[in-house]
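In case you want the letters, here they are:
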Amino acid sequence: MAPKDLRIVGGHVALDLVNTVEPRLPGATNFREHLTSPTDLVDWALRLEILTDVEVELVRSAWAASPSAGEQALRASREVREATYDVLLNVLGTTSDAGPALEKLGLRWTAATARSELTLGGGSLALVVGTAPATLIPDRLAVSAVEFLRTADPKHVRACPLDEGGCGWLFLDRSRNSSRRWCAMEDCGAQAKARRLTARRRVARATP
Ligand SMILES: [Zn+2]
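Here is what the cut-offs are and how they apply
- Residues numbered from 1 in each chain as written.
- Predicted model: local features only at pLDDT ≥ 70, side-chain atom pairs only at ≥ 80, totals over all residues.
- Heavy atoms only, no water.
- Helix = DSSP H or I, 4+ residues; strand = E, 2+ residues; numbered from the N terminus.
- Buried < 20%, exposed > 50% of the residue type's maximum accessible area, 1.4 Å probe, protein only.
- Contact = heavy atoms within 4.5 Å.
- Areas by Shrake-Rupley, 256 points an atom, 1.4 Å probe, with all protein chains shown as cover.
- Lys, Arg positive; Asp, Glu negative; His and termini not counted.
- Charge placed at Lys NZ, Arg CZ, Asp CG, Glu CD.
- Donors = N, O, S within 2.8 Å, 3.2 Å for Na, K, Ca; no water.
- Tetrahedral: all angles 85-135°; square planar, octahedral: opposite > 155°, others 65-115°.
- Phe/Tyr/Trp six-rings, centres within 6.5 Å; stacked < 30°, edge-to-face > 60°.
- Lys NZ or Arg CZ within 6 Å of the ring centre and 35° of its normal.
- Axes fitted to C-alpha atoms, helices over the stretch in contact; angles between N-to-C directions.
- Parallel < 35°, antiparallel > 145°, perpendicular 65-115°, else oblique.
- Left-handed = near helix turned anticlockwise from the far one by under 90°.
- Nonpolar A, V, L, I, M, F, W, Y, C, P; charged D, E, K, R; others polar.

Undergrad: It is not clear to me how the overall build of the protein chain should be interpreted in this structure. Could you clarify?
TA: Broken down by element type, the protein chain carries 7 helices and 6 strands. Sequence-ordered secondary structure for the protein chain, helices as α and strands as β, is α-β-β-α-α-α-α-β-β-α-β-β-α. Taking the principal axes of its C-alpha atoms as reference, the protein chain extends roughly 75 × 35 × 35 Å. Across the 208 residues of the protein chain, 38% fall into the buried class. A sequence separation of at least 24 residues applies to 55% of the contacts in the protein chain between residues at least 6 apart. For the protein chain, the computed accessible surface area is about 11,500 Å², with 55% contributed by carbon and sulfur atoms. A gap of 10 Å separates the mean positions of the 27 positive and 25 negative side-chain charges of the protein chain.

Undergrad: Mind showing me how you'd approach the coordination of the zinc ion here?
TA: Ideal coordination angles are 109.5 degrees for a metal with four donors arranged tetrahedrally and 90 or 180 degrees for a metal with six donors arranged octahedrally. The zinc ion binds to the protein through Cys160 (SG), Cys167 (SG), Cys183 (SG) and Cys188 (SG); the donor distances cover 2.3 to 2.4 Å. Of note is the zinc ion, whose 4 donor atoms meet at the metal with angles of 104 to 116 degrees in an arrangement that counts as tetrahedral. Coordination of the zinc ion draws on donor residues from a single chain, spaced C-x6-C-x15-C-x4-C in sequence. Note that Cys160 is positioned in the loop between β5 (157-159) and β6 (170-172) and Cys183 in the loop between β6 and α7 (185-206), a separation of 23 residues in sequence. Both residues of the pair, Cys160 and Cys183, belong to the buried class.

Undergrad: Explain the packing of aromatic side chains here, please?
TA: Two aromatic rings are characterised by how far apart their centres lie and by the angle between their planes. Enumeration over the complete set of coordinates arrives at 0 aromatic pairs. Sitting above the plane of the Phe31 ring, Arg24 keeps its charged end 5.9 Å from the centroid. Taking the ring centre of Tyr85 as reference, the NZ or CZ of Arg24 above it sits at 3.9 Å.

Undergrad: Can you walk me through the packing of helix α5 (residues 99-114) against helix α6 (residues 136-151) in this structure?
TA: Helix packing for two helices is described by the angle between their axes and how far apart those axes are. Direction vectors running N to C along α5 and α6 enclose 120 degrees, while the axes themselves pass 8 Å from each other. In terms of axis orientation, α5 runs oblique to α6. Read as a crossing pair, α5 and α6 show a hand that is left-handed. Residues Leu105, Arg108, Trp109 and Ala112 of α5 pack against Asp139, Ala142, Val143, Ala145, Val146 and Leu149 of α6. Tallied by class, the residues present in the contact of α5 with α6 amount to 8 nonpolar, no polar and 2 charged.

Quick look at the structure:
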């Protein structure tokens, strides 16, 4: 599935990054990867408005000038993704050891901060992350992920229920009574509903 068809349901860049594999399972090695190439990464980042149309051209030329730079940015982005997921699993109480993930994310975040600058415009201070085009995308992802992990309320982070046929994707539940169960009702929710209906019909047929 190309990134343009990928559903964006997380409610925050950090969660949407985590949701670029399917299904999203702790410790899974056999999953469908949505960020398969540097091109995928750029397309996805543009869709999520992580960078502007002008910046995307800078990123593309930096990668064209140094062929391994795109691959490195992809690898860094995936590392930020997996570290973010592991830390989130810890926050949500699914796993207990977030040490290695915190270290990885911390290193990426430190590097991203070193490539950031403070600017003053209109009397207020702004943090510009990604002053080096080649690493702009993973840098913004790392800073965004740390920001999210620092400030998000774990009570509102949910996972599409794997044990009920969901995909494991994470999302922010902003519903009024915290009742959102599925990443998308029209997707995993509808599939689960269809399965329940089929099972019920099967039981009905088997019952004389
Ligand atoms: Zn789902």
